[in-house]
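Take a look at the letters that make up each chain.
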Amino acid sequence: MKRSEKADEILDIAEEMARQGGYNNFSFREIAKAVGVKSSSVHYHFPTKDELGAAVVQRYTDRFLDALGDPNDLDNPKVAIERYIDLYRKALIEDELMCLCGIMGAEIEALPPSVGEEAKKFFERNVTWLIAALSYNEASTPAEDLKSRSLHIIATLEGAMIVARSLEDHKIFESVVSQIQYP
């Protein structure tokens, strides 16, 4: 979906705020101030906070998976998984932000349904991507084993981000990530 430059700027600000403190960490007034417009301009692009939240999560998911690319185009599963881990590493260490959907996932019971559904899609699409990456040259591995390994990788990365950020020590992330077993 093609959005205006101003709508993308609104999404950028909302995403950054949400990645710092969750769904309730942003308001239309705060976004308007950061963008330099009136609150009504934010409402013009996104009539409700639910719509804005869902758009932020959907765009985050699309960008995340676009950055990963097609796992079947990579040389081997190890390269694919390393690329996956690097996205989490970049978010935590370079951007100094959390995974948006990790935060939204933690809040899912309190989220509007449309936002919660988008957060759920992030994890479903990531599991699908990881299964494809892990199944490269492993046709004999049962699908449930691949799914379990995929969920383990996601849970490990999300947890490592939380603990490393909480303890203000990026080395924790690296230590935990080094324990992930993949082909």
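Below you will find a few notes about this structure. Everything quoted here is computed from the prediction, not taken from an experiment.

What counts as what
Residues numbered from 1 in each chain as written. Predicted model: local features only at pLDDT ≥ 70, side-chain atom pairs only at ≥ 80, totals over all residues. Heavy atoms only, no water. Helix = DSSP H or I, 4+ residues; strand = E, 2+ residues; numbered from the N terminus. Buried < 20%, exposed > 50% of the residue type's maximum accessible area, 1.4 Å probe, protein only. Contact = heavy atoms within 4.5 Å. Lys, Arg positive; Asp, Glu negative; His and termini not counted. Charge placed at Lys NZ, Arg CZ, Asp CG, Glu CD. Core = buried A, V, L, I, M, F, W, Y, C linked by side-chain atoms within 4.5 Å. Axes fitted to C-alpha atoms, helices over the stretch in contact; angles between N-to-C directions. Parallel < 35°, antiparallel > 145°, perpendicular 65-115°, else oblique. Left-handed = near helix turned anticlockwise from the far one by under 90°. Nonpolar A, V, L, I, M, F, W, Y, C, P; charged D, E, K, R; others polar. Salt bridge = Lys/Arg side-chain N within 4 Å of Asp/Glu carboxyl O. 1 Å grid on protein atoms, 1.4 Å probe; cavity = no way out; pocket = protein on both sides within 12 Å on 5 of 7 lines; lining within 4 Å. Points joined across faces, edges and corners; volume = space filled by probe spheres on them. Phe/Tyr/Trp six-rings, centres within 6.5 Å; stacked < 30°, edge-to-face > 60°. Expected span 1.5 Å × (residues − 1).

1. Quick word on the overall build of the chain
A count of helices and strands for the chain gives nine helices and zero strands. Start at the N end of the chain and walk to the C end: the helices and strands fall as α-α-α-α-α-α-α-α-α. When its C-alpha atoms are laid out on the principal axes, the chain stretches across 55 × 35 × 30 Å. Taking all 183 residues of the chain together, 42% fall into the buried category. Counting only contacts in the chain whose residues sit at least 6 apart along the sequence, the fraction spanning at least 24 positions is 69%. Charge separation in the chain, taken as the distance between the mean sites of 21 positive and 31 negative side-chain charges, equals 4 Å.

2. Points about the nonpolar core
The biggest cluster of nonpolar side chains holds 57 residues, and the ones touching the most others in it are Leu52, Tyr84 and Tyr88. Going through the elements one at a time, helix 1 (5–21), helix 2 (28–35), helix 4 (49–68), helix 5 (77–94), helix 6 (100–106), helix 7 (113–135), helix 8 (143–166) and helix 9 (170–177) are the ones with two or more residues in this core. The dominant element in this core, judged by the number of residues it contributes, is helix 4, at nine residues.

3. Notes on the packing of helix 8 against helix 9
For the pair helix 8 and helix 9, interaxial distance at closest approach is 8 Å and the crossing angle is 155 degrees. Taken together, the axes of helix 8 and helix 9 lie roughly antiparallel to each other. The crossing of helix 8 and helix 9 is right-handed. Only His170, Ile172, Phe173, Val176 and Val177 of helix 9 make contact with helix 8, whose side of the interface consists of Thr156, Leu157, Ala160, Met161, Val163 and Ala164. Broken down by class, the residue content of the contact of helix 8 with helix 9 amounts to nine nonpolar, two polar and no charged.

4. Looking at the pattern of salt bridges
Taken as a whole and assessed by the stated rule, the structure comprises 12 salt bridges. Between Arg19 and Glu15 there is a salt bridge; the shortest N-O distance is 3.3 Å. Of this pair, Arg19 and Glu15 both sit in helix 1, four residues apart, which is roughly one turn of the helix. Linking Glu174 and Arg89 is a salt bridge whose minimum nitrogen-to-oxygen distance equals 2.7 Å.

5. Focus on the packing of helix 5 against helix 8
Running from amino to carboxyl end, helix 5 crosses helix 8 at an angle of 20 degrees, the nearest separation of the two axes being 11 Å. By the criterion of interaxial angle, the relationship of helix 5 to helix 8 is roughly parallel. Crossing handedness for the pair helix 5 and helix 8: right-handed. On the side of helix 5, the interface is formed by Ile81, Tyr84, Ile85, Tyr88, Ala91 and Leu92, while helix 8 contributes Ile153, Ile154, Leu157, Glu158, Met161, Ala164 and Arg165.

6. A closer look at the layout of surface pockets
Volume-wise, the largest pocket comes out at about 210 Å³. If you go around the largest pocket, the residues you meet are Glu15, Arg19, Tyr60, Arg63, Phe64, Ala67, Leu87, Lys90, Ala91 and Asp95. Every element with two or more residues in the lining of the largest pocket is listed here: helix 1, helix 4 and helix 5. Counting residues per element, the lining of the largest pocket draws most heavily on helix 4, which supplies four residues.

7. Points about the packing of aromatic side chains
Counted according to the given criterion, the structure contains nine aromatic pairs. For the pair Tyr23 and Phe26, a centre-to-centre distance of 5.6 Å together with 80 degrees between the ring planes defines the contact as edge-to-face. Given the relative accessible area of 6%, Tyr23 is considered buried. Overall, the relative accessible area of 3% leaves Phe26 in the buried class.

8. Re helix 4
Taking 1.5 Å of rise per residue, the 20 residues of helix 4 would be expected to cover 28 Å, and the 29 Å separating its terminal C-alpha atoms lies within 8% of that figure. Among the residues of helix 4, Leu52, Gly53, Ala54, Ala55, Val56, Val57, Arg59, Tyr60, Thr61, Phe64, Leu65 and Leu68 are the ones counted as buried. Downstream of helix 4 by a residue or two, Gly69 has a phi angle that is positive, lying close to 75 degrees.

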